[in-house]
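# Geometric and topological summary
The chain contents come next:
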Amino acid sequence: MVQAKKTEKAERSDGRKLNEMRKMEAKVGIIKRADGSAMFKIGTTVALAAVYGPRELFPGFMQNPEKGILRCNYDMLSFSVTERKRPGPSRRSVEISLVTKNALGSAINLDQFPNTVVDVFIMIVQADAGTRCAGITAASMALADAGIPMRDLVSAVSVGRINGKIVIDLDKEEEDYDGTTDIPCAFMSRNNEITLLQLDGDISAEELKQAVELGKEGCKQISEIQKKALKERYKEIKNE
Ligand code: CDP
């Protein structure tokens, strides 16, 4: 009698290694009328980002005479998720817009642009977890495309713990497992500065350190993909 093979449950929902990110794609300069724009895809999560500015800020009382200000708006298309999302802002989108602004704000320098605003619009067109990170990664390329002075690109990925293991780039199925801990993080890879660190779930201090290290390595890979997409855009501009 042939003995039945033990079917071991894959550690990851799609069979990836613990430190393996989903397939990624990036493209810069996708929206002609924006000053800067980019797309970032990780697995089936797709984020588009458009940057407008620096342009004069109205109403005038909101202006800062010492430097420009950054505004970020994150949203998802209604049918980017399996269960239709009600159009318009929500508590979640307001929170994500705020953390996105903080994550990008420390990388850019708007000292040369007093009284102006730089608007960043992020739209998630397809969501399979990790959307705030994909949005930050896309927006960072869009800011560079718009020629905004930056200390470094910001790259973001979600790390966490599923079934007691530290993993990178959780998809929606993994996020929905019982007891999952989700830790979106963003880095400026040149000096390993963290610009976003959120935590949803429980984790020990030691595991958190491991997770952040894994995120740092992942963000280095993302940073290379961002740079490549920007270089491709420069080549296109030269040939236009
Ligand atoms: O997307 P991210 O991981 O940054 O944020 P989240 O609030 O932890 O959302 C995780 C995932 O839940 C999203 O990426 C979507 O796939 C899904 N989601 C959804 O299906 N419907 C919503 N209204 C919001 C999120």
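Residues numbered from 1 in each chain as written. Predicted model: local features only at pLDDT ≥ 70, side-chain atom pairs only at ≥ 80, totals over all residues. Heavy atoms only, no water.

Let us look at the sheet that holds strand E1 (residues 24–28). Two pairing modes exist for strands in a sheet, parallel and antiparallel, and in both the strands are linked by backbone hydrogen bonds. Here five strands make up an open sheet; going across it, the order is E1-E2-E3-E5-E4 and the pairing mixed. Only two strands of the sheet have a single partner each, and these edge strands are E1 and strand E4 (69–76). Taken over all neighbouring pairs, the strand axes of this sheet differ in orientation by 15° on average, direction set aside. The sheet contact formed by strand E3 (residues 45–56) and strand E5 (residues 116–126) spans nine bridges and is antiparallel. Paired with Tyr-52 across the bridge in E5 is Asp-119. Where helix H2 (residues 131–145) meets the sheet, it contacts E1, strand E2 (36–42), E3, E4 and E5, and its direction lies at approximately 150° from that of E2. Across the sheet, helix H4 (residues 205–239) is in contact with E1 and E2; its angle to E1 comes to roughly 35°. (Pairing = 2+ DSSP bridges. Helix = DSSP H or I, 4+ residues; strand = E, 2+ residues; numbered from the N terminus. Axes fitted to C-alpha atoms, helices over the stretch in contact; angles between N-to-C directions. Contact = heavy atoms within 4.5 Å.)

To continue, consider the packing of H2 against H4. Contact geometry of H2 with H4 gives a least axis separation of 11 Å together with a crossing angle of 35°. The way H2 lies across H4 gives a crossing that is right-handed. In this structure, H2 contributes Thr-137, Ser-140, Met-141, Ala-144 and Asp-145 to the contact, and H4 contributes Ile-222, Gln-226, Ala-229, Leu-230 and Arg-233. In the contact of H2 with H4, the residues fall into five nonpolar, three polar and two charged. (Left-handed = near helix turned anticlockwise from the far one by under 90°. Nonpolar A, V, L, I, M, F, W, Y, C, P; charged D, E, K, R; others polar.)

Tracing the backbone shows Val-159 in strand E6 (residues 154–162). Dropping the residues within four chain positions of it, Val-159 is found in contact with Val-167, Ile-168, Asp-169, Leu-170, Thr-181, Asp-182, Ile-183, Cys-185, Ala-211, Leu-214 and Gly-215.

What follows is about unusual backbone geometry. Here the bond from Gly-53 into Pro-54 is cis, since omega is 5°, no more than 30 degrees from zero. Locating Pro-54 in the fold gives a position in strand E3. Of note, the bond from Phe-58 into Pro-59 is cis; its omega dihedral lies within 30 degrees of zero at 0°. Of note in this structure, Asn-163 is not a glycine but carries a positive phi near 45°. With respect to the helices and strands, Asn-163 occurs in the loop between E6 and strand E7 (165–168). Judged by its relative accessible area of 55%, Asn-163 falls in the exposed class. With a phi close to 55°, Asn-192 is a non-glycine residue in the positive phi region. (Buried < 20%, exposed > 50% of the residue type's maximum accessible area, 1.4 Å probe, protein only.)

The subject of this paragraph is the sheet that holds strand E9 (residues 193–197). A sheet is described by the order of its strands in space; here four strands give the open sequence E7-E6-E8-E9, paired in antiparallel fashion. With one partner strand each, in any of the chains shown, E7 and E9 form the two edges of the open sheet. Recorded for the sheet is a direction-independent mean angle of 30° between the axes of neighbouring strands. Strand direction decides the pairing type here: E6 and E7, joined by four bridges, are antiparallel. The residue of E7 that forms the bridge with Arg-161 is Ile-166. The sheet strands contacting helix H1 (residues 91–105) are E6 and E9, and the helix crosses E9 at an angle near 175°. Helix-sheet contacts for H2 involve E6, strand E8 (181–188) and E9, and the interaxial angle to E6 is about 165°.

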